[in-house]
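Here's the letter readout for the chains.
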Amino acid sequence: MKKGICILLSSAMLMGTVPVYGNTPVVEQVTHTYRAEVGTKNFYKDDVLQTLDTEIYLKDGYVMLPVRTFFTAVDENAQIIWDREKQVATVWMGEYRILLDVPKNKIQVAYGNINVSGKLEVKEGRLFVPLRNWQEILTRCNYEMDENSIVWDSEKGEAIVKVSEYVINREQELVKTEITGKGETPVYLVEPTEAYDFIWNAGDGYFIAENYSDENDQKIFDSTGKVLATFAPGTAHHVGYLGENRFCVYEYEGKERPAYVVDAKGNKLFSADYDQIWSYAEGLALVREKTENGYRYGYIDTEGNLQIPMKYGSARSFSEGLAPVSMSESGIGQYGFIDTKGNVVIEPKYRSADPFREGLAHVQAISGEGFINHQGEEVVPPQYGFVSNFQNGTAFAVTKDQKQILVIDKTGKEVRKLLESTDALSYFYFPESDLMEVDYPQGYQGTGRYYDKNEEISRETYELRSGFSEGLSAVLDKETGKYGYADEQGNMVVSPLFDEAERFSNGYAVVKQMIPNENGTRNVKVGVIKNPLMK
């Protein structure tokens, strides 16, 4: 989950405006007042009555508020999943996870426990939390509160809560992608089953399944569901796919390392006498061995023969005929590029380097980040603080002072300026290189902004698009608390039936269903569905 982004609110609610950017939208501090009247269904946000279908009440001196009403009043995008059998609620507010466990009377925020005042309680099918706990819950979620933020008026029988947050003031709201429709029943390659604890969509039509309870029983099956190879319990810690119809078998002897390589039917091809093996790319796999002073890297072919010696301090996989390698003993700096014969074709002079993509490679020098071509020419001089990889001919670029975000083409020409700030921005994230998440300077956390190559987009649109693979994105249905798959327009294509839903690859996605038991435990069923868009 990513950080939330707040829309423009009425100026009547503002208490202290804090402008941050010149002609761009400003960051403002907004204080909201929440009022709860005990013994009634009256709960107000800034004097606006909120939807409430059960009464607020007192218990052991604490005002008890329903969880769903309060969370959604604070953040309209809050996602709440209620496990009725276990009586545990999981709440997502932006990137923050809140766990509310009734039987254990435990509250966990961002994976850290808080000291609970009073007791959590389920009443009339609703989860209630003592109001006193909201201060620490919201403070840990980057809202501004202190010990004076909650006031109890015993004469009126009402509690007043003041919560401050930073929001982005815009002239117009950003378009939010809404998820609509119910979707269709999924088509399974593997029906959800307890026969496996884990299934990995390995690629190239292969799947690897594990059964942890049976000493890591491993199987390889294909896209017809046919089991191609079985590894007896205890013979493999796990199996990984290397590409080129090769699989690496890992044994467990105090530490995990590859043991040998097999084909899809489990026939041993060669021993893997290395600390690590990466996937094949252009017929060669990167391998690593541990030395007294660190690691050494080289490359093997599909038969296990060492084609490029173990002499590099660090290295990456091949792409477009070249691979970045470090000539440094420590693997830090001195990056250049070699060809598939091991010949140095671009001299080692960079702090770091990535594999080629769309004819260019991302490099870092003392002067900054930029791009080189296959001849080693700096077609985009290393002058930026951060750059994304090129995708469809363009890339994101952040200036060294971290005050401007640009879109550039392959010549380094500025296509457009997305954002200009008077203060340095604090965080950048490029999922798949066609979307970007930006955080405001330190002190304004929680005010993220989201961009594609053309303009700013809403958080809802960003989260949908950043999850796309093969035309579909896993989305959470707020009513059921289950995941389904939606298309780019927000139409639900696969019905929300799953507790976990992975990305599609080669036409398939792994999904999970959690089945509750009477004793409070849950059984996990894992399956594989087909992409309905790929027929």
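Structure report, in brief. Quantities reported herein were computed from a predicted structural model and do not represent experimental measurements.

The subject of this paragraph is the overall build of the protein chain. Along its length, the protein chain carries three helices and 49 strands. Dimensions of the protein chain, computed from the C-alpha atoms along their principal axes, are close to 85 × 60 × 50 Å. Here the analysis covers contacts within the protein chain between residues at least 6 apart in sequence; of these, 40% occur between residues at least 24 apart. Just so you have it, the protein chain exposes about 25,400 Å², and 44% of that area is on carbon and sulfur atoms. A gap of 1 Å separates the mean positions of the 56 positive and 80 negative side-chain charges of the protein chain.

Moving on, we get to the pattern of salt bridges. Counted under the stated rule, the structure contains 17 salt bridges. Put simply, Glu-136 and Arg-140 hold a salt bridge, and the shortest N to O gap is 2.9 Å. On the criterion of helical spacing, the pair formed by Glu-136 and Arg-140 is a turn pair, its members being four residues apart in helix H2 (residues 134-140). In this structure Glu-136 comes out as partly exposed when scored by relative accessible area, which is 31%. A salt bridge links Glu-420 to Lys-417, with the shortest nitrogen-to-oxygen separation between them at 3.6 Å.

Ranked by internal contacts, the top residues of the largest apolar core, which has 38 residues, are Phe-43, Phe-71, Met-93, Ile-98, Leu-100 and Ile-107. Once residues within four sequence positions are removed from consideration, Phe-43 is found in contact with Tyr-34, Arg-35, Ala-36, Val-48, Leu-49, Gln-50, Leu-52, Ile-56, Leu-65, Thr-69, Phe-70 and Ala-73. Ala-202, Val-239, Tyr-241 and Val-249 belong to the second-largest nonpolar core, a separate cluster that totals 15 residues.

Another aspect to go through is unusual backbone geometry. Phi at Glu-244 is positive, roughly 55°, even though this residue is not glycine. Within the secondary structure layout, Glu-244 lies in the loop between strand S20 (238-243) and strand S21 (246-252). The backbone of Asn-245 shows a phi angle near 60°, a positive value even though the residue is not glycine. Mapping Asn-245 onto the fold places it in the loop between S20 and S21.

With that settled, the discussion passes to the sheet that holds strand S30 (residues 335-339). Judged by pairing direction, the sheet is antiparallel, and its four strands sit side by side in the order S28-S29-S30-S31 without closing on themselves. Looking at the sheet topology across the chains shown, the edges are occupied by strand S28 (314-315) and strand S31 (344-350). Both strand S29 (residues 322-326) and S30 contribute to a ladder of five bridges, which runs antiparallel. Paired with Ser-326 across the bridge in S30 is Tyr-335.

Moving on, we come to the side chain of His-32. If you trace the backbone, His-32 turns up in strand S1 (residues 26-37). Reaching out from His-32, the side chain makes a polar contact with the side chain of Asp-46 at a distance of 2.8 Å. A polar contact is formed between the side chain of His-32 and the side chain of Glu-165, at a distance of 3.0 Å.

Ordered by their spatial adjacency, four strands build an open sheet running S4-S5-S12-S11, and the pairing between neighbours is antiparallel. The sheet is open, and its two edges are formed by strand S4 (57-59) and strand S11 (121-123), each paired on a single side. Averaged over all adjacent pairs, the angle separating strand axes in this sheet is 40°, with direction ignored. As paired strands, S11 and strand S12 (residues 126-130) are joined by three bridges and run antiparallel to one another. For Val-122, the partnering residue across the bridge sits in S12 and is Leu-127. Where helix H1 (residues 67-74) meets the sheet, its contacts fall on strand S5 (62-66) and S12, and the angle it forms with S5 comes to roughly 75°.

Cut-off values and rules
Residues numbered from 1 in each chain as written. Predicted model: local features only at pLDDT ≥ 70, side-chain atom pairs only at ≥ 80, totals over all residues. Heavy atoms only, no water. Helix = DSSP H or I, 4+ residues; strand = E, 2+ residues; numbered from the N terminus. Contact = heavy atoms within 4.5 Å. Areas by Shrake-Rupley, 256 points an atom, 1.4 Å probe, with all protein chains shown as cover. Lys, Arg positive; Asp, Glu negative; His and termini not counted. Charge placed at Lys NZ, Arg CZ, Asp CG, Glu CD. Salt bridge = Lys/Arg side-chain N within 4 Å of Asp/Glu carboxyl O. Buried < 20%, exposed > 50% of the residue type's maximum accessible area, 1.4 Å probe, protein only. Core = buried A, V, L, I, M, F, W, Y, C linked by side-chain atoms within 4.5 Å. Pairing = 2+ DSSP bridges. Polar contact = N/O pair within 3.5 Å; in protein donor to acceptor, adjacent residues only side chain to side chain. Axes fitted to C-alpha atoms, helices over the stretch in contact; angles between N-to-C directions.

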